[in-house]
Amino acid sequence: MRIEIMHGDLTMRGVDAIVNAANSSLLGGGGVDGAIHRAAGPELLEACRELRRTQLPDGLPVGDAVGTPGFRLPARWVVHTVGPNRHAGQTDPELLASCFRESLAVAGELGARSVAFPAISAGIYGWDAREVAEVAHDAVTAFSVSGARGAANGSPLDLVEFVLFSEDTTAVFRAVFGR
Ligand code: APR
């Protein structure tokens, strides 16, 4: 499984699945959530509303992940996850690790072979980019080992991208990932 670090706009990535740093309502927001909804078109919000009407009446819990189609995005799917909000006292790195792990698992269940992440929780949710990078590194590295063992389920990921919106965050991720 290849890991790539790049400075760019997640909504432009032509991977199988991009990961949205959403909130528990799944009804959109600012940051990358807003950018993804704008690029995907109104069908994405309708798909999220349907999730709330059916399997997620109470919203998506922190650390969980759920998939929808990508609609007008280049990516075929969007995997929505809810990162921990430092401003709400959610400081347990295990919650953030769960976002990365669950998003990879959902992407694999969808049949994705390539996935692109933003720096989950490193924006409005107030986490330090270096801590996010370290949690991401450990979670994705562990998955690349366990996922490879789990390849028997037939959906190993070939590529994981981290697409960072600023030069500073890109530099932090490159340093943590040794790239
Ligand atoms: N492509 C890639 N990364 C982006 C993009 C983009 N188009 N837009 C923003 N980012 C980056 C931010 O710069 C930050 O580094 O994504 C990272 C995560 O920031 P947020 O989008 O603010 O997400 P988060 O910190 O997890 O906060 C989630 O914000 O947008 C709302 O509805 C969302 O309530 C939720 C909260």
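If you're wondering where the values come from, they're calculated on a predicted model, not measured in any experiment.

Caption draft 1: Representation of the side chain of Thr 81 in the model. Take Thr 81: it is sitting in strand β4 (residues 77–82). Of note is the side chain of Thr 81, whose polar atom sits 2.7 Å from the backbone oxygen of Asp 64. Contacts of Thr 81, omitting those with residues within four sequence positions, involve Val 19, Asn 20, Ala 21, Ala 22, Leu 60, Gly 63, Asp 64, Ala 65, Cys 99, Ser 103 and Ile 120.

Caption draft 2: Expanded view of the site of the ligand. In the vicinity of the ligand there are 21 residues, among which Asn 23, Gly 30, Val 32, Asp 33 and Gly 123 approach most closely. A distance of 3.5 Å separates an oxygen atom of the ligand from a polar backbone atom of Gly 31. One of the backbone N or O atoms of Tyr 125 is found 3.0 Å from an oxygen atom in the ligand. Expressed as a share of its isolated accessible area of 690 Å², the protein-covered part of the ligand is 89%.

Caption draft 3: Spatial organisation of the sheet that holds strand β3 (residues 65–69). Read from one edge to the other, the open sheet built from six strands follows the order β1-β6-β5-β2-β4-β3, with strand pairing classed as mixed. This sheet does not close on itself; its edge strands, each paired only once, are β1 (2–7) and β3. Each adjacent strand pair in this sheet contributes to an overall mean axis angle of 25°, direction not counted. Relative to strand β6 (residues 159–164), β1 is paired through six bridges, and the arrangement is parallel. The residue bridging His 7 from the neighbouring strand is Leu 164, located in β6. Here helix α3 (residues 93–110) sits on the sheet and contacts β2 (17–22), β3, β4, β5 (114–117) and β6; the angle it forms with β4, its principal contact strand, is near 155°. Packed on one face of the sheet, helix α5 (residues 167–177) meets β1 and β6 and runs near 155° to β1.

Caption draft 4: A look at α3. Between its terminal C-alpha atoms α3 stretches 26 Å, which fits the 26 Å expected from 18 residues at 1.5 Å a residue. Of the residues making up α3, those classed as buried are Leu 96, Ala 97, Ser 98, Cys 99, Phe 100, Ser 103, Leu 104, Val 106, Ala 107 and Gly 108. Following α3 by one or two positions, Gly 111 has its phi on the positive side, about 95°.

Caption draft 5: Spatial organisation of the nonpolar core. Core analysis: the largest hydrophobic core is formed by 36 residues, its most contacted members being Phe 100, Phe 117, Phe 162, Phe 173 and Phe 177. Elements with a contribution of two residues or more to this core: β1, β2, β4, α3, β5, α4 (129–149), β6 and α5. If one sorts the elements of this core by residue count, α4 sits on top with eight residues. Residues in contact with Phe 162, not counting those within four places in the same chain, are Ile 3, Glu 4, Ile 5, Met 6, Phe 100, Phe 117, Ala 136, Val 140, Phe 173 and Phe 177. In this structure, Met 6, Ala 40, Leu 60 and Leu 73 belong to the second largest nonpolar core, which totals 20 residues.

Caption draft 6: Fine view of the pairing of β2. Burial within β2 is extensive, with five of its six residues counted as buried. Sheet analysis places β2 next to β4, joined by six bridges and oriented parallel. Note on β4: the bridge partner recorded for Ile 18 is Val 78. Direction of pairing for β2 relative to β5: parallel, over a ladder of two bridges. Bridge pairing in β5 places Ile 18 opposite Ala 116.

What counts, and at which threshold
Residues numbered from 1 in each chain as written. Predicted model: local features only at pLDDT ≥ 70, side-chain atom pairs only at ≥ 80, totals over all residues. Heavy atoms only, no water. Helix = DSSP H or I, 4+ residues; strand = E, 2+ residues; numbered from the N terminus. Polar contact = N/O pair within 3.5 Å; in protein donor to acceptor, adjacent residues only side chain to side chain. Contact = heavy atoms within 4.5 Å. Near = heavy atom within 4 Å. Areas by Shrake-Rupley, 256 points an atom, 1.4 Å probe, with all protein chains shown as cover. Pairing = 2+ DSSP bridges. Axes fitted to C-alpha atoms, helices over the stretch in contact; angles between N-to-C directions. Expected span 1.5 Å × (residues − 1). Buried < 20%, exposed > 50% of the residue type's maximum accessible area, 1.4 Å probe, protein only. Core = buried A, V, L, I, M, F, W, Y, C linked by side-chain atoms within 4.5 Å.

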